[in-house]
Number of protein chains: 2
Amino acid sequence: MKIVVDTNGSDFGVESVINGAIKAYEKEKYFISFVGEKDKIEKIIDFRLPKYDYEIINSTEIINNNDEPVRAIRKKKNSSMVVAFNTLNLEGYDGLISQGSTGAILACSMFITGRLNGVKRASIVANVPTRERKTIIIDPGANIDTKPEMLMDFARMGSIYCKTVFNVKNPRIGLLNIGIEEHKGNQLARDTFAMLTKSNLNFIGNIEARDILTDKVEVIVTDGFSGNIAIKSIEGTAILLLSEIKKSILSSKISKIGAFLIKDKLKELLSIYNLDKANAAPVLGIKKPVFKCHGSSDSEGFAYAVGNLLDYIKKDVTKKLEGEFE
Amino acid sequence: MKIVVDTNGSDFGVESVINGAIKAYEKEKYFISFVGEKDKIEKIIDFRLPKYDYEIINSTEIINNNDEPVRAIRKKKNSSMVVAFNTLNLEGYDGLISQGSTGAILACSMFITGRLNGVKRASIVANVPTRERKTIIIDPGANIDTKPEMLMDFARMGSIYCKTVFNVKNPRIGLLNIGIEEHKGNQLARDTFAMLTKSNLNFIGNIEARDILTDKVEVIVTDGFSGNIAIKSIEGTAILLLSEIKKSILSSKISKIGAFLIKDKLKELLSIYNLDKANAAPVLGIKKPVFKCHGSSDSEGFAYAVGNLLDYIKKDVTKKLEGEFE
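The paragraphs below set out a description of the structure included in this document. (Residues numbered from 1 in each chain as written. Chains lettered and ligands numbered in written order. Predicted model: local features only at pLDDT ≥ 70, side-chain atom pairs only at ≥ 80, totals over all residues. Heavy atoms only, no water.)

1. Here we look at the relation of the copies chain B and chain A
No. 1: Once chain B is rotated about the relating axis by 180 degrees and shifted along it by 0.0 Å, it coincides with chain A to within an RMSD of 0.1 Å. One copy is carried onto the other by what is essentially a two-fold rotation axis. No C-alpha of chain B approaches the rotation axis more nearly than that of Gly258 of chain B, which lies at 1.9 Å.
No. 2: The overlap is high: 98% of the interface residues of chain B also sit at the interface in chain A, so the same surface is used on both sides. (Least-squares fit on C-alpha atoms with pLDDT ≥ 70 in both. Contact = heavy atoms within 4.5 Å.)

Have a look at this one:
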């Protein structure tokens, strides 16, 4: 497999991205097409990869989080992200991964890679850190002002995704809402509820935000505004609570001993709900596989994301989505 | 002070409401006007209150969570909630508290008590369980399809509330959004941002959901849909994480000893972030003080809520709001 790697966008710098790509390579061989500052990349690789298993495509600009996405991809033609997406369009390239701005990745996905026929709006998926690890939220922040038809696309794409990637036979779809009753919610939620009820999807009704982490459904459908609020509320609460617990139990001698005794159990628990590992997500509804990895992921997290991308390509999710929307 | 108590709506039954009201009375004397099934109430009180400090107003119907609020208050004229709100309208009554349906309480507040002059939309407030306990979210689920003008009212009312009840000099206002930059968010968020910037409120900009619990602002302004998603995501995550931690550390002998040693520290922490105590909230923007207490609060929680209502009346928040909107 031939994977395009945008070397910019990580909070830990270009080195972290390249090290992550190499870590993934050591686990499972693939051809890496690095895009970025050529000399710098060559230096960082430092002969750790065989010549025939990588290439470097030079770029001179960087798109960052402050750039307005659509304008940026028009103006910064020589940015690593735009060059990477143009490379993906060439024959023989199987997928792309970037830690860059979500908005810019989505814009490139729409305007350079292109939507699948019949898809009204592409979207990013976020994995939700539940115990089963088979729940996704779509959309977690990509499409902000949406219509019911777009949410229908999200539901269909999410269903195919869970079927193919998690091997769930008939994924349960829930609509994120402020109550379980049919009449609850804003206009968008009420209209989407009616459309989902009429569809042939396994729609089980509204799901309240307090049930996002409870494995009640596989696909949580929502607009990007509400999805983002939900995901970030969960993240914020988990981070705050865990750090408060740590601070609290390390504040006395006796509880420090207690902390030592429960250490292993807590570690086990944290690995189940590991947020880092949930940080890789595909753009669904476009013609080729594209993965977004959080800017805050380190090289370990990036390697994990590359693994997910390779799996996604092997399972040929894009083709399955194409079939559904034709 | 003369307080109207709707005796229906608690998950623990009428007994819990009455016991809660009496618990509050034992802490601070006030006149209680119980509304509900007269004989039953008299029996539960069982001579625990002096005759001159309470009355019972009989009602024969109950509004429940399945009732459509506006229709219910029209049809069930003899429900405890409608009778209670009509009683509050009489001279000499200072406040009302109910554990009933939020929608019905809001409908009664609008149509029986009436909005203050100049207020476009009344709203409920939710206290956010932060360390400082001085942060509120408005609206946490009352008004679903909203306009920027309504969110402006929420900001102004929330500011007065924090000033008066929490003694915060110049409450910081944050707009709940999916990024901190001005151009972020849906149409409603962008329009509200522009209006807040022009106002004389202490608007500090957008606040992301992951910062809700961090004491960065006192007033978090949002529509009822997003507010509800945020509050319930936080609640769900906190409940899940704490129960998983408990399960996990009680699953081995060694970690059980550890759990015993950290018990006190964890209890201390839980009392700081006690969600039960955050469960009482006023309806802002109406002519008389009305408090909503969660249906899931026990008698202890209800007593705490009554205490908050008495404090709210003493601080004369209603008059201060009236002054702001005149």
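2. What about the sheet that holds strand S9 (residues 203-208) of chain B?
Residues and elements named next belong to chain B.
No. 1: Overall, mixed pairing links the 5 strands, which are arranged S6-S7-S10-S8-S9 in an open sheet. With partners counted over all chains shown, the strands left at the sheet margins are strand S6 (126-127) and S9, one partner each.
No. 2: Sheet topology note: the strand S8 (residues 173-177)/S9 ladder contains 5 bridges and is parallel. Note on S9: the bridge partner recorded for Gly174 is Gly205. (Pairing = 2+ DSSP bridges. Helix = DSSP H or I, 4+ residues; strand = E, 2+ residues; numbered from the N terminus.)

3. Details of the side chain of Ser16 of chain A
No. 1: By secondary structure assignment, the location of Ser16 of chain A is in helix H1 (residues 13-27).
No. 2: Residues in contact with Ser16 of chain A, not counting those within four places in the same chain, are Ser10, Ser297, Asp298 and Ser299 of chain A.

4. Regarding the nonpolar core
No. 1: Counting residues in each nonpolar core, the largest one holds 158 residues, and the members touching the most others are Phe34 and Ile97 of chain A together with Phe34 and Ile97 of chain B.
No. 2: Those residues in contact with Ile97 of chain A that lie beyond four places of it in its chain are Ile3, Val4, Val5, Asp6, Phe291, Cys293, Phe302, Ala305, Val306 and Leu309 of chain A.
No. 3: Membership of the second largest hydrophobic core comes to 26 residues, among which are Val35, Leu96, Ile105 and Val283 of chain A. (Core = buried A, V, L, I, M, F, W, Y, C linked by side-chain atoms within 4.5 Å. Buried < 20%, exposed > 50% of the residue type's maximum accessible area, 1.4 Å probe, protein only.)

5. What about the pairing of strand S11 (residues 280-284) of chain B?
All names here are of chain B.
No. 1: The buried count for S11 comes to 5 of 5 residues, which makes it a mostly enclosed element.
No. 2: By the bridge criterion, 2 bridges tie strand S5 (residues 123-124) to S11 in an arrangement that is antiparallel. Of the residues in S11, the one forming a bridge with Ser123 is Leu284.
No. 3: As paired strands, S11 and strand S12 (residues 290-293) are joined by 3 bridges and run antiparallel to one another. Directly across from Pro282, in S12, lies its bridge partner Phe291.
No. 4: Connecting the antiparallel pair S11 and S12 is a turn made up of 5 residues, with Gly285 showing a positive phi of about 100 degrees.

6. Remarks on the packing of aromatic side chains
No. 1: With the rule as written, the count across this model stands at 12 aromatic pairs over all chains.
No. 2: Residues Tyr161 of chain A and Phe166 of chain A carry aromatic rings whose centres are separated by 5.7 Å and whose planes lie at 80 degrees to one another, so their mutual orientation is edge-to-face.
No. 3: The buried category is assigned to Phe166 of chain A, whose relative accessible area is 15%.
No. 4: Summarising the aromatic geometry, the rings of Phe34 of chain B and Tyr54 of chain B are spaced 6.3 Å apart at their centres and angled 65 degrees between planes, so their arrangement reads as edge-to-face. Within this pair, whereas Phe34 of chain B is found in strand S2 (residues 31-36), its partner Tyr54 of chain B is found in strand S3 (residues 54-58), the two being separated by 20 residues in sequence.
No. 5: Its relative accessible area of 9% is what places Tyr54 of chain B among the buried residues. (Phe/Tyr/Trp six-rings, centres within 6.5 Å; stacked < 30°, edge-to-face > 60°.)

7. Let's talk about helix H7 (residues 187-198) of chain B
No. 1: The end-to-end C-alpha distance of H7 of chain B, which contains 12 residues, comes to 17 Å, matching closely the 16 Å that a straight helix rising 1.5 Å per residue would cover.
No. 2: Buried within H7 of chain B are the following residues: Leu188, Ala189, Thr192, Phe193 and Leu196 of chain B. Looking down the long axis of H7 of chain B, one finds its buried residues gathered within 130 degrees of arc, a one-sided arrangement. Exposed side chains of H7 of chain B directed beyond 90 degrees from the buried face belong to Thr197 and Lys198 of chain B.
No. 3: Residues of H7 of chain B that are buried make contact with helix H8 (224-249) of chain A together with helix H6 (148-166), S8 and S9 of chain B. (Expected span 1.5 Å × (residues − 1). Arc of directions from axis to C-beta.)

8. Looking at the interface of chain B and chain A
No. 1: Taken together, the contact pairs 49 residues of chain B with 49 residues of chain A.
No. 2: Interface of chain B and chain A: buried area, both sides summed, is about 4600 Å²; carbon and sulfur atoms make up 69% of it.
No. 3: We note a salt bridge from Arg210 of chain A to Glu235 of chain B, for which the minimum N-O separation is 3.3 Å.
No. 4: Our count for the contact surface shared by chain B and chain A stands at 12 residue pairs in polar contact (both at pLDDT 80 or more). (Buried area = accessible area lost by both parts, 1.4 Å probe. Salt bridge = Lys/Arg side-chain N within 4 Å of Asp/Glu carboxyl O. Polar contact = N/O pair within 3.5 Å; in protein donor to acceptor, adjacent residues only side chain to side chain.)

9. A word on the side chain of Ser33 of chain B
Residue and element names in this part refer to chain B.
No. 1: With respect to the helices, strands and loops of the structure, Ser33 is situated in strand S2.
No. 2: A residue is classified by how much of its surface remains accessible, and Ser33, at 0% relative accessible area, is buried.
No. 3: Here Glu55 takes part through its side chain, which lies 2.7 Å from a polar atom of the side chain of Ser33.
No. 4: In this structure, Ser33 is in contact with Ile3, Val4, Val5, Glu55, Ile57, Thr87 and Tyr93, ignoring residues within four places of it in sequence.

10. Details of helix H11 (residues 317-325) of chain A
All names here are of chain A.
No. 1: Every buried residue of H11 is accounted for by Val317, Thr318, Leu321 and Phe325. Buried positions in H11, seen along its axis, are confined to an arc of 100 degrees and lie on one side of it.
No. 2: Elements that come into contact with the buried residues of H11 comprise helix H6 (148-166), strand S11 (280-284) and helix H10 (299-314).

11. Some words on the pairing of strand S1 (residues 2-6) of chain B
Residues and elements named next belong to chain B.
No. 1: Summarising burial for S1: 4 of the 5 residues are buried, a large majority.
No. 2: In terms of handedness, the path from S1 via helix H1 (residues 14-27) over to S2 forms a crossover that is right-handed.
No. 3: Here S1 runs beside strand S4 (residues 95-98); their pairing, made up of 3 bridges, is parallel. Bridge assignment links Val4 to a residue of S4, and that residue is Leu96. (Right-handed = clockwise from strand over helix to strand, strands pointing away.)

12. Quick look at unusual backbone geometry
Residue and element names in this part refer to chain A.
No. 1: The omega torsion across Ile138 and Asp139 is 20 degrees, close enough to zero to call that bond cis.
No. 2: Assignment of secondary structure puts Asp139 in the loop between strand S7 (136-138) and H6.
No. 3: In this structure, Asp46 takes a positive phi of about 50 degrees despite not being glycine.
No. 4: Following the sequence through the fold, Asp46 ends up in the loop between helix H2 (38-45) and strand S3 (54-58).
No. 5: Residues other than glycine seldom take positive phi values, yet Asn167 does so here, at roughly 55 degrees.
No. 6: Of the residues examined, Asn167 reaches a relative accessible area of 60% and is grouped as exposed.

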